Amino acid sequence: MLDQNKENQLNNWLEESVQNNRIPFGEINISKENKDIYKYKIYTQDEKYKNNKLYRIHSLTKPITSLVSLIVLEKNNINVKEPISTFIPEFKKGKVLIDEELINVNIPITFEHLLTHTSGLTYGFNRSNQAILRGNTEVDDIYREKEILEKIRNSSFTSSDFINELTSLPLAYQPGTRWNYGLSSDLLGVLLELICKQSLDEICKNELFIPVEMNDTYFPSVNLKNIIPTFKLSLPSGFKLINETDQIKREHKFLSGGGGMISTPQDYIKFCNYILDPKVSLINDNTLSKMKNNQLKHEMEYLTDKLNFYDFTFAGPGTGFSYGFATIENPNIVPQKTPKNVLSWAGAANTIVWIDQINKIVFTFFTQLIPFGYQNYKKELHEILYSDIN
């Protein structure tokens, strides 16, 4: 069981966070050695949603897509270092935009580049020096001009449209040279559909969700019930429910491997426990180890230039990146108390997960609040769980 003092501190943190308008509601779940050791949920918003359990997990979709990709690649004898142009020839013509000049790529984008977010793709987030999710490169300007993110959210947008859009745009960096948050996982999802000749939801269901019994994780369909609505910050009064986020109004043709899934904390703990200690055989141990250990050849201090993603509890000095998760490489220089080799990621509505490989712990904190990073919840929760670390 969880230490009583830490249990009390977590209870107090969740209660005070809701009372003080730091979150609209929240749910913390912890497992140790695949056994539940803590669960606490507070929901004080509209009563009619109190028993709803499905969360929009946004970018927590990415690690799932990574694992499913590794399963599919291994089954089809495709090496992670295979250029993606084998399946999408248009990527052979790739260019990189540097100092307003288009130059040829030095090496082709591979599956490994997509898995480690070193492909050179970006997102086109708003230009900012304040927001965590930022896009301050020349290529981000082009993504914004082309309205790439808006197009992806359009229900009529297809995987073919995605390929056409992406292959017409330059890269922000040479492949393999820099970690940069972008559309890499979405492109992985499209590649899986090409390889398997199935939709991404079917692939994920057959390759992962059924074997691991993740019964409440999927790409949502119209008329899906039981969704917890998303709230946005509305100071000073607190939070405002975002209209229609408790339902799915339109069927989307493009299934976003980077952010499109619905899940529950309980299902996500099953997923994380598979990473930590698999009970069913889906891929070989050596392949799975690439999701559990840093795969970058370079340190991430360069993120201090604030051109892209900027949150050092997830990515920055002292961290690395595996085939799907941020990794703690140097606990002495990251902002939060933490052991080494902790894996973590999060979703845009503040669904936060980490896997403590040393202590065999999976920790999830889920709410539904935009924007991401309004408060540094991850750091605060680390401070409680690892208070005994000097």
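Heads up: these notes are all about the structure in this document. (Residues numbered from 1 in each chain as written. Predicted model: local features only at pLDDT ≥ 70, side-chain atom pairs only at ≥ 80, totals over all residues. Heavy atoms only, no water.)

**Quick look at the pattern of salt bridges**
At step 1: Considering all chains together, one arrives at 12 salt bridges under this definition.
At step 2: Residues aspartate 141 and arginine 144 are paired through a salt bridge, measuring 2.4 Å at the closest nitrogen-oxygen approach. Taken as a pair, aspartate 141 and arginine 144 lie in helix 4 (residues 138-146) at a separation of 3 residues, close to a single helical turn.
At step 3: With relative accessibility at 33%, the residue aspartate 141 sits in the partly exposed group.
At step 4: Relative accessible area serves as the criterion here: at 22%, arginine 144 is assigned to the partly exposed category.
At step 5: One salt bridge in this structure joins aspartate 305 and arginine 178, with 2.7 Å as the shortest N-O distance. Taken together, the residues span a long stretch of sequence, with aspartate 305 in the loop between helix 10 (285-292) and strand 9 (319-321) and arginine 178 in the loop between helix 6 (159-167) and helix 7 (184-196) at a distance of 127 residues.
At step 6: Take aspartate 305: its relative accessible area is 36%, and that puts it in the partly exposed class.
At step 7: Judged by its relative accessible area of 8%, arginine 178 is buried.
At step 8: Among the charged side chains, a salt-bridge network with shared partners connects Arg127, Asp141 and Arg144. (Salt bridge = Lys/Arg side-chain N within 4 Å of Asp/Glu carboxyl O. Helix = DSSP H or I, 4+ residues; strand = E, 2+ residues; numbered from the N terminus. Buried < 20%, exposed > 50% of the residue type's maximum accessible area, 1.4 Å probe, protein only.)

**Focus on the sheet that holds strand 14 (residues 369-370)**
The strands that make up a sheet are held in pairs by hydrogen bonds between backbone atoms, and each pair lies either parallel or antiparallel.
At step 1: With mixed pairing, 3 strands are arranged side by side in an open sheet as 7-6-14. Either end of the sheet is taken by a strand with one partner, and the two such strands are strand 7 (238-241) and strand 14.
At step 2: In this structure, strand 6 (residues 231-234) lies alongside strand 7, joined through 4 bridges in antiparallel fashion. Bridge assignment links lysine 232 to a residue of strand 7, and that residue is lysine 240. (Pairing = 2+ DSSP bridges.)

**A closer look at the packing of aromatic side chains**
For any two aromatic rings, the description comes down to two numbers: the centre-to-centre distance and the angle of the planes.
At step 1: Summed over all chains, the structure comprises 27 aromatic pairs.
At step 2: Both rings, one in phenylalanine 162 and one in phenylalanine 254, keep their centres 4.9 Å apart while their planes meet at 25°; by these two values the pair is stacked. Pair noted here: phenylalanine 162 is in helix 6 and phenylalanine 254 is in the loop between strand 7 and strand 8 (262-263), with a separation of 92 residues, a long-range link. Each member of the pair, phenylalanine 162 as well as phenylalanine 254, carries the same accessibility label: buried.
At step 3: With a centroid separation of 5.3 Å and an interplanar angle of 75°, the aromatic rings of tyrosine 181 and phenylalanine 309 are classed as edge-to-face. With tyrosine 181 in the loop between helix 6 and helix 7 and phenylalanine 309 in the loop between helix 10 and strand 9, the pair connects residues that are 128 residues apart, well separated along the chain.
At step 4: Each member of the aromatic cluster is reached from another via a ring pair, and the members are Tyr123, Phe125, Trp179, Tyr181, Phe309, Phe314, Phe321, Trp345 and Phe372.
At step 5: Cation over ring: lysine 378 sits above phenylalanine 314, and NZ or CZ is 3.9 Å from the ring centre. (Phe/Tyr/Trp six-rings, centres within 6.5 Å; stacked < 30°, edge-to-face > 60°. Lys NZ or Arg CZ within 6 Å of the ring centre and 35° of its normal.)

**Some words on unusual backbone geometry**
At step 1: The omega torsion of the bond from isoleucine 370 to proline 371 falls at 10°, within 30 degrees of zero and hence cis.
At step 2: Mapped onto the secondary structure, proline 371 falls in the loop between strand 14 and helix 11 (377-385).
At step 3: Look at asparagine 226: it is not a glycine, yet its phi comes out positive at around 80°.
At step 4: Within the fold, asparagine 226 resides in the loop between helix 8 (200-212) and strand 6.
At step 5: The class of asparagine 226 is partly exposed, set by a relative accessible area of 28%.
At step 6: In the Ramachandran plot, glutamate 244 falls in the positive-phi region, its phi being about 70° despite a non-glycine side chain.
At step 7: Mapped onto the secondary structure, glutamate 244 falls in the loop between strand 7 and strand 8.
At step 8: By relative accessible area, glutamate 244 is classed as partly exposed at 42%.

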